[in-house]
Amino acid sequence: MSEIRRLREERNLSRDELAAKSGISSLTIRSHELGTVNGTETKTAQAIAEALAVEVQALFFLLV
């Protein structure tokens, strides 16, 4: 499971809810969760991280 999905589910958010909070389309969020993208734009990562109330690094690495 991707960190984005784990964090989203931990916060009881649907993809559509995360999309609304972040301003990123639910299809883009789905693609990132499934790992079907070859990279992430900085602004996309920042928007998702802000919506999840985490640092950007938490989207890509399990932070302990």
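Because the structure is a prediction, the values reported are computed rather than measured.

This next bit is on the pattern of salt bridges. Tallying each qualifying case throughout the model produces seven salt bridges. R8 is the salt-bridge partner of E33, the closest N and O atoms lying 2.6 Å from each other. With E33 in helix α3 (residues 26-34) and R8 in helix α1 (residues 3-10), this residue pair connects regions lying 25 residues apart in the sequence. A single burial state applies to E33 and to R8, both of which are buried. A salt bridge links K43 to E41; the shortest N-O distance between them is 4.0 Å. In this pair, the class of K43 matches that of E41, namely exposed.

Conventions and cut-offs
The numbering scheme is per chain: residues are counted from 1 as the chain's sequence reads. This being a predicted model, a pLDDT of at least 70 is required before a residue's local features are given, and a value of 80 or more before pairs of side-chain atoms are given or counted; all residues contribute to the totals for chains, interfaces and linings. With hydrogens and water stripped out, all remaining heavy atoms of the structure feed into the side-chain values. We count a salt bridge whenever a side-chain nitrogen from Lys or Arg sits within 4 Å of a carboxyl oxygen from Asp or Glu. In this text, helices come from DSSP runs of H or I with a minimum length of four residues, and strands from runs of E with a minimum of two, each type numbered from the N-terminal end. For the exposure calls, accessible area comes from a 1.4 Å probe over protein chains only, and a residue counts as buried if that area is under 20% of its type's maximum, exposed if over 50%, partly exposed in between.

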